[in-house]
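Remarks on the overall topology
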Amino acid sequence: MAELTATLGARPLGAPEEIEPIEVGGFSKGLRRFARQSPAGVAAAVVLGLIVVVGALAPVIAPYDPLLNSFAEVRQPPNATHLLGTDHLGRDVLSRIVYGTRVTLLVAVTAVFIGEALGFAWGVACGYLGGRFDLASQRVVEVLMSMPQLILALLLVVALGPGLKTVIIAIAVTRVAGTARIVRSVALALRDLAYVEAGRALGASTPRILVRHIAPQCVAPMLVLISVSLGGAIFTESALSFLGVGIPPPEPSWGNMLGGVLAEAFKPSWWLVVFPGLAVSLSVMATNVLGDALRDFLDPRLRGVVE
Amino acid sequence: MHTYIAKRILIAIPTLIGITLLIFFAMRILPGDPIAIVTDPSTGAQQRLSDEEVAKMRASLGLNDPYYVQYARWMGDVLRGDFGQSFWRGEPIRELIVRRGQISAEITILAVVWSWIIGVPFGILSATHRNSWLDGLSRGVTTLFQAVPSYWLGLVIVLVGIVWFSWRPPLSIVYFQDDPGRNLQMVLGPTFALGLGFAAVIARLTRSAILEALHQDYARTARAKGLRERMVIYKHVLRNALLPIVTLTGLQFGALLGGSPATERAFGFPGLGLALVQAIGERDWMIIQNLVLIYGVIYVVMNLVVDLSYSWLDPRVRLQ
């Protein structure tokens, strides 16, 4: 089997000699190629992996209960007992950041999953079916894309009332339109290709064509979109919580920890500003870098389309 | 050219109508109606109202009318330039928009200026010294600042100012027309916080645009006729590379605008964004409704301007 792949890959019939052989291989081979091509992408993936581990093992890692007030230890700078200090209620900042990871991941992953799935389905339907449905859909997409994302999220959070579920829905909605537009253009390009037409000529049903021929081609752009969206979702959640309309306190989230600093505008404690912000920046940076690396690896044509 | 402009403007109209519908129904259908937001204790309402008062208020605001009547009235008012008044303070919202809008406009525009001053030179250096340590450093910094939320940068700037420079956040704002010097001093922080992330985006785009233009025929021609590399870059390459940068600036204007509520909150800076945040806190739905509309309209208009300027800069666009 390996021999066959090698022969097929190395020299397609009639191909000019100078063409680089395209390496054909399974998932693990692809991963190795990705690692060679993009060390930064791998580093970003490792950082994201660590963030997930921190979130999953929060009760084990966090030294204290994130909600435990301790009025004897209010606003302590970082020290041996509280590595990242304590806040205005004497709660341990490190423990709150660790538990905040959970909230952030829960919101970001759920919102991105819902938003991207809806955007994907909508985009494929628009691109493949076309016609009036597509025409009407594109107007809706335009409207959704004609508002700054954070403002749209704010509007939805106001309309739906505060809470975890609302934040997830609001962030998911901000992801739908952009994805639908990109997936639509991919599906539109595929619709008239010979192999899809051949499928139709053979009598394949529309769902079968969508699943077997159209969807697999969308995997690469979707992977890139998802990783970029994760960063956007983490940022949006933190901004909403910072503005006091996201995750309601006392539940810790990186954004509402930063929002809490505003109450002491004239005498802020630096550790309350610095550490939660670093957590947001680090995770957004990791998803951005991974997204870029995936894009360059999977499909450089997406450069400029998915930013 | 004129037909292109006319067509492009006509296309923007349905989008604008769509935005008004989106806002209208978001404010009404989802949780009941605006009065319900104000009076529902579970949403943190500030004032308890008796049922009688609620009924009276609802009638005076026309909330008992069918939706299409309410919508038509809102649109009529907006088109006449009447944005209603604040629910709690009775202040005309139009005055609020004029007073605070100029502050937000100022910091957004200056943020763009910052981003160009910082971003374009970094991008040029990065591209002309490709794969050198300078390029690596510049790309590293770029990646970092693209990920840093502007509101957090704002908090850090405020913190540094307070701790190291015994600076106090100003309690009131000085307008540019009253005292340009003091005004610029005040907006320095917010514009920097807002502009730095955008500078990173600009630097990145400048780098890739220049790298692309360096290999175009006109660059080769310029070199072939004996121009020094410096001249090739500044006279030929940069000029062409500016096109996508201009476009991106226009398109990202909306993102900057969207970042203004959080950034203004970080500084306690009384712009439109902070007004929106305060209105949300007070459940002042008339302000929320009209401010969100303003944000949407500015965004659509900016996109329109970008499209039109693009067709002016690059005639090929018109022919498509």
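Residues numbered from 1 in each chain as written. Chains lettered and ligands numbered in written order. Predicted model: local features only at pLDDT ≥ 70, side-chain atom pairs only at ≥ 80, totals over all residues.

Along the backbone of chain B there are 13 helices and zero strands. Each helix (α) and strand (β) of chain B, taken in turn from the N terminus, gives the series α-α-α-α-α-α-α-α-α-α-α-α-α. Split into buried and exposed, the 320 residues of chain B put 37% on the buried side. (Helix = DSSP H or I, 4+ residues; strand = E, 2+ residues; numbered from the N terminus. Buried ≥ 20, exposed ≤ 12 C-beta atoms within 10 Å, placed from the backbone.)

Attention now moves to the overall build of chain A. Broken down by element type, chain A carries 13 helices and zero strands. Each helix (α) and strand (β) of chain A, taken in turn from the N terminus, gives the series α-α-α-α-α-α-α-α-α-α-α-α-α. Looking at chain A residue by residue over its 307 residues, the buried ones come to 46%. Across chain A, contacts joining residues at least 24 apart in sequence account for 69% of those joining residues at least 6 apart. (Contact = placed C-beta atoms within 7 Å.)

Helices that pack against each other are described as a pair by the angle of their axes relative to one another and the distance between those axes. All names here are of chain B. The contact between helix α5 (residues 93-128) and helix α8 (residues 180-214) brings their axes to 5 Å, and the two run at 35°. Like other packed secondary-structure pairs, α5 and α8 cross with a definite hand, here right-handed. Each residue belonging to the contact of α5 with α8 can be placed in one class, and the counts come to 22 nonpolar, seven polar and three charged. (Axes fitted to C-alpha atoms, helices over the stretch in contact; angles between N-to-C directions. Left-handed = near helix turned anticlockwise from the far one by under 90°. Nonpolar A, V, L, I, M, F, W, Y, C, P; charged D, E, K, R; others polar.)

Counting residues at the interface gives 43 residues for chain B, matched by 36 residues for chain A. Where the side of chain B that touches chain A is concerned, the elements lending two or more residues are α1 (2-28), α6 (133-147), α7 (150-165), α10 (229-267), α11 (272-282) and α12 (285-313) of chain B. Classifying every residue of the side of chain B that touches chain A gives 31 nonpolar, eleven polar and one charged.

Right, let's talk about the nonpolar core for a bit. In terms of nonpolar packing, the biggest core is built from 153 residues, with A:Ala153, A:Leu154, A:Leu155, A:Val157, A:Ile171, B:Ile288 and B:Leu291 touching the most fellow members. Each residue touching A:Val157, except ones within four places of it in the same chain, is listed here: A:Pro162, A:Thr166, A:Val167, A:Ala170, A:Leu240 and A:Val245. (Core = buried A, V, L, I, M, F, W, Y, C linked by C-beta atoms within 7 Å.)

Here the focus is helix α5 (residues 93-129) of chain A. Counting along an α-helix, one turn takes 3.6 residues, and residues three or four places apart therefore face a common direction. Along its 37 residues, α5(A) runs 52 Å from first to last C-alpha, staying within 8% of the 54 Å computed at 1.5 Å per residue. For α5(A), the tally of buried residues reaches 26 of 37 residues, placing the bulk of the element in the interior. (Expected span 1.5 Å × (residues − 1).)

Attention now goes to the packing of helix α3 (residues 39-56) of chain A against helix α13 (residues 270-298) of chain A. Residues and elements named next belong to chain A. Close contact between α3 and α13 brings their axes to 8 Å; oriented N to C, the two are set at 140°. Overall, the two elements α3 and α13 adopt an arrangement that is oblique. Along this stretch, α3 crosses α13, giving a crossing that reads as left-handed. Where α3 abuts α13, its residues Ala 40, Gly 41, Ala 44, Ala 45, Val 47, Leu 48 and Ile 51 lie against Leu 282, Ser 283, Ala 286, Thr 287, Val 289, Leu 290, Ala 293 and Leu 294. (Parallel < 35°, antiparallel > 145°, perpendicular 65-115°, else oblique.)

Moving on: the environment of B:Phe192. Residue and element names in this part refer to chain B. Checked against the element boundaries, Phe 192 lands in helix α8. On the neighbour-count criterion, Phe 192 (19 C-beta atoms within 10 Å) is partly exposed. Sequence separation of Phe 192 and Pro 261 is 69 residues, and the distance between their C-alpha atoms is 15 Å.

We now examine the environment of B:Arg220. Among the secondary structure elements, B:Arg220 is positioned in helix α9 (residues 217-224). Residues B:Arg220 and B:Val232 lie twelve residues apart in sequence; the distance between their C-alpha atoms is 8.8 Å.

Residue and element names in this part refer to chain A. Of all residues in chain A, 89% attain a pLDDT of 70 or more, and the chain-wide mean is 84. Taking the mean pLDDT of every element in chain A, the minimum, 41, falls on helix α1 (residues 2-10) and the maximum, 93, on α5. In this model residues 1-17 is a low-confidence stretch, pLDDT under 50, and it forms seven contacts with partners more than four residues away in sequence or in other chains. (pLDDT = per-residue confidence, 0-100.)

With that settled, consider unusual backbone geometry. In this model, A:Pro249 is joined to A:Pro250 through a cis peptide bond whose omega is 10°. Within the element layout of this structure, A:Pro250 appears in the loop between α11 (219-242) and α12 (254-261). Phi is positive for B:Asn131, close to 65°, though the residue is something other than glycine. With respect to the helices and strands, B:Asn131 occurs in the loop between α5 and α6.

Attention shifts here to α3(A). Residues and elements named next belong to chain A. A rise of 1.5 Å per residue sets the reference length of α3, with its 18 residues, at 26 Å; its end C-alpha atoms lie 26 Å apart and thus fit the reference within 8%. Of all the residues in α3, the buried ones are Gly 41, Ala 44, Ala 45 and Val 54. Looking at the packing, one finds that the buried side of α3 touches α2 (27-37), α4 (58-61), α5 and α13.

The subject of this paragraph is the environment of A:Pro252. Residue and element names in this part refer to chain A. As for its position among the elements, Pro 252 is in the loop between α11 and α12. The class for Pro 252 is buried, based on 28 C-beta atoms found within 10 Å. C-alpha of Pro 252 to C-alpha of Arg 102: the two residues are 150 residues apart in sequence and 9.3 Å apart in space. Every residue in contact with Pro 252, bar those within four places of it in the chain, is listed here: Pro 66, Arg 96, Tyr 99, Gly 100, Val 103 and Met 257.

Here chain B averages 83 in pLDDT, and 89% of its residues register 70 or above. Of the two predicted TM-score estimates for the complex, the pTM is 0.87 and the ipTM is 0.87.

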